[in-house]
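# A closer look at the structure
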Amino acid sequence: MEFSEDARAILEKPLLAVVATTRDDGSPHCVPVWFRFDGALIRVWSGGEYRWVNNARARPRIAMTICDTSDRFSGAVIVHGEASVGGGDDEETSKEIRRIAGRYMTPDAVDPYLRRFTHLRTIITIKATSVRAWSTAE
């Protein structure tokens, strides 16, 4: 999937995203999340037993939106895709957690923050199937 310049500009900022999954009864379930875009995939750090993660396991079609409100409303991205749930107590999971958390805080704050959430060892990887982005920047 190709990401437009507008999409990349927003996805590369440390903005809060809202992820939508589908519950057992077909209704939507939305949660705010931290994420990291690596140029091709989007990764989210979470807990393996959270409702939205269980929804993604059972029904991997997922949507997310990221809005840049730094200058009123500068733009947004809507991503539809397929989620895969992984993670565990391994070095690569630890590195990804640090990369995600490091987008949202200063380097000296990462370790104290992560010590509070050692039980969260799940990485949700989203492979986009469609991306729509727009910018109001001039």
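Thresholds applied
- Starting from 1, residues in each chain are numbered consecutively following that chain's sequence as written.
- Two thresholds apply to this predicted model, a pLDDT of at least 70 for residue-level local features and 80 or more for giving and counting side-chain atom pairs, whereas whole-chain, interface and lining totals are computed over all residues.
- Side-chain metrics in this entry use all non-hydrogen atoms of the structure; hydrogen atoms and water are not considered.
- Here a salt bridge means any side-chain nitrogen of Lys or Arg lying within 4 Å of a carboxyl oxygen belonging to Asp or Glu.
- For helices the rule is a DSSP run of H or I covering at least 4 residues; for strands it is a run of E covering at least 2, with both sets numbered from the N terminus onward.
- Residues are treated as being in contact if the distance between any of their heavy atoms lies within 4.5 Å.
- To form a nonpolar core, buried Ala, Val, Leu, Ile, Met, Phe, Trp, Tyr and Cys residues must be joined to one another through side-chain atoms within 4.5 Å.
- In this scheme, a residue with accessible area under 20% of its type's maximum is buried, one over 50% is exposed, and one in between is partly exposed, where area comes from a 1.4 Å probe on protein chains only.
- Counted as a polar contact is a pair of N or O atoms within 3.5 Å, where, for protein atoms, one must be capable of donating a hydrogen and the other of accepting one, and residues adjacent in sequence contribute only when both atoms are in side chains.
- We call Phe, Tyr and Trp rings a pair once their centres come within 6.5 Å, taking the six-membered ring for Trp, and we label the pair stacked below 30 degrees between planes, edge-to-face above 60, and tilted otherwise.

Our focus in this paragraph is the pattern of salt bridges. As enumerated under the stated definition, the model contains eight salt bridges in all. Where Arg121 meets Asp89, a salt bridge forms, and the shortest distance between an N and an O atom there is 3.8 Å. With a gap of 32 residues between them, Arg121 in the loop between α4 (107-115) and β7 (122-135) and Asp89 in the loop between β6 (75-87) and α3 (91-102) connect regions that are remote in the sequence. Note that Glu96 is salt-bridged to Arg99, the shortest N-O span being 2.7 Å. One end of the pair is Glu96 and the other is Arg99, both in helix α3 and three residues apart, which spans about a single turn.

To continue, consider the side chain of Thr93. Within the element layout of this structure, Thr93 appears in helix α3. The residues contacting Thr93, other than those within four sequence positions of it, are Gly87, Gly88, Arg121 and Ile123.

Among the nonpolar cores identified, the biggest contains 26 residues, and Leu11, Phe35, Ile42, Trp52, Met64 and Ile66 are the most heavily contacted of them. If we ignore the near neighbours within four places in the chain, the residues touching Trp52 are Val19, Thr21, His29, Val31, Val33, Val44, Ser46, Ile62 and Ile124. Grouped together as the second largest cluster of nonpolar side chains are nine residues, Ile100, Ala101, Leu114 and Leu120 included.

Structurally, Arg43 can be placed in strand β4 (residues 42-46). Within polar-contact distance, the side chain of Arg43 engages the side chain of Asp38 at 2.6 Å. Those residues in contact with Arg43, other than ones at most four positions away along the chain, are Trp34, Phe35, Arg36, Asp38, Glu96, Ile100, Ile123, Ile124 and Thr125.

Structurally, Leu15 is set in the loop between α1 (5-11) and β1 (17-22). On the accessibility criterion, Leu15 (16% relative accessible area) is buried. Sequence separation of Leu15 and Arg36 is 21 residues, and the distance between their C-alpha atoms is 9.6 Å. Contact partners of Leu15, with chain neighbours within four places excluded, come to Ile10, Phe35, Ile66, Cys67, Asp68, Arg103 and Tyr104.

Time to look at the packing of aromatic side chains. Summed over all chains, the structure comprises six aromatic pairs. Residues Trp45 and Tyr113 carry aromatic rings whose centres are separated by 6.4 Å and whose planes lie at 75° to one another, so their mutual orientation is edge-to-face. Here Trp45, found in strand β4, pairs with Tyr113, found in helix α4; they are 68 residues apart in sequence, far enough to count as distant. By relative accessible area, which is 22% here, Tyr113 ends up partly exposed. Taken together, a centroid distance of 6.4 Å and an interplanar angle of 90° make the contact between Trp45 and Phe117 edge-to-face. Residue Trp45 is located in strand β4, and its partner Phe117 is located in the loop between α4 and β7; the two are separated by 72 residues in the primary sequence. A relative accessible area of 11% means that Trp45 is categorised as buried.

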